[in-house]
Amino acid sequence: MNLFVAGCDKIRAETGVTVIVVHHTGKNKDRDARGSSALRAACDFEFCIDRPEKGMSYTLKCTKAKDSEPPPTQAFDMVPRFLRFDSDQEEVTTLVASLNGREPPEESEGADKAVTLSKNQETLWQAVRSRMVSGELCGYIHSHGGPWEPGYSGFDQCNADIFTSIGIA
């Protein structure tokens with residue numbers, strides 16, 4: 001990594017340009033980026049780009065400002081832009097960030113964090129959702145003290161939240 005940092009410093013010194021390095025976070029994005037800490041140590045500024053709702057906007061948050069106060073976190077909207085037509089005459093588009101930032105939506109303190117569902121939980125969720133849309137009754141079997149015992153004892157803990165989140169339990 002030190003060779004990488006030295007190469008960036010050489011480009012900056014010889015050309016006078018700002019060098020911007022794009023790097024990835026680890027699985028836990030609240031921690032430092034993957035790999036050596038030498039890159040972060042050499043940076044004057046570090047920013048994290050996130051799409052919290054996986055929608056048409058992202059947030060830009062300064063996570064390091066070496067010699068100044070960090071700028072405020074801002075949200076930027078993504079706007080679809082036409083690129084070309086493909087061989088089937090279908091539009092090919094891309095997303096372009098707006099130039100003007102706005103105040104990011106506030107996270108409420110009691111807000112539930114997004115939960116990643118397993119493949120089986122996703123299948124269960126889709127089945128329940130489709131039944132609700134079609135007007136069918138939905139519910140779930142509580143395994144504790146009931147006549148039915150699931151294959152593993154954590155069934156209710158893993159899946160009851162799915163039903164609670166959609167107002168069934």
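Residues numbered from 1 in each chain as written. Predicted model: local features only at pLDDT ≥ 70, side-chain atom pairs only at ≥ 80, totals over all residues. Heavy atoms only, no water.

Peer 1: Before we go on, may I ask you to explain the pattern of salt bridges in this structure?
Peer 2: If the charged atoms of two oppositely charged side chains come close together, the side chains can form a pair. Within this structure, the stated rule accounts for five salt bridges. Ionic pairing is found between Asp44 and Lys66, a salt bridge with its closest N-O pair at 3.7 Å. With Asp44 in the loop between helix H2 (38-42) and strand S1 (45-50) and Lys66 in the loop between strand S2 (57-65) and strand S3 (74-85), this residue pair connects regions lying 22 residues apart in the sequence. Exposure remark for Asp44: the relative accessible area of 44% places this residue in the partly exposed category. Overall, Lys66 belongs to the partly exposed group, its relative accessible area being 41%. Where Asp77 meets Arg102, a salt bridge forms, and the shortest distance between an N and an O atom there is 2.8 Å. Placement of the pair is Asp77 in strand S3 and Arg102 in the loop between strand S4 (91-97) and helix H3 (119-133), with a sequence separation of 25 residues. (Salt bridge = Lys/Arg side-chain N within 4 Å of Asp/Glu carboxyl O. Helix = DSSP H or I, 4+ residues; strand = E, 2+ residues; numbered from the N terminus. Buried < 20%, exposed > 50% of the residue type's maximum accessible area, 1.4 Å probe, protein only.)

Peer 1: Is there a simple way to think about the state of the cysteines in this case?
Peer 2: Simply put, the disulfide is a covalent bond whose two ends are the sulfur atoms of two cysteines. Counted under the stated rule, the structure contains zero disulfides. No disulfide involves Cys8; its nearest neighbouring cysteine sulfur is the one of Cys43, lying 8.4 Å away. (Disulfide = S-S within 2.5 Å.)

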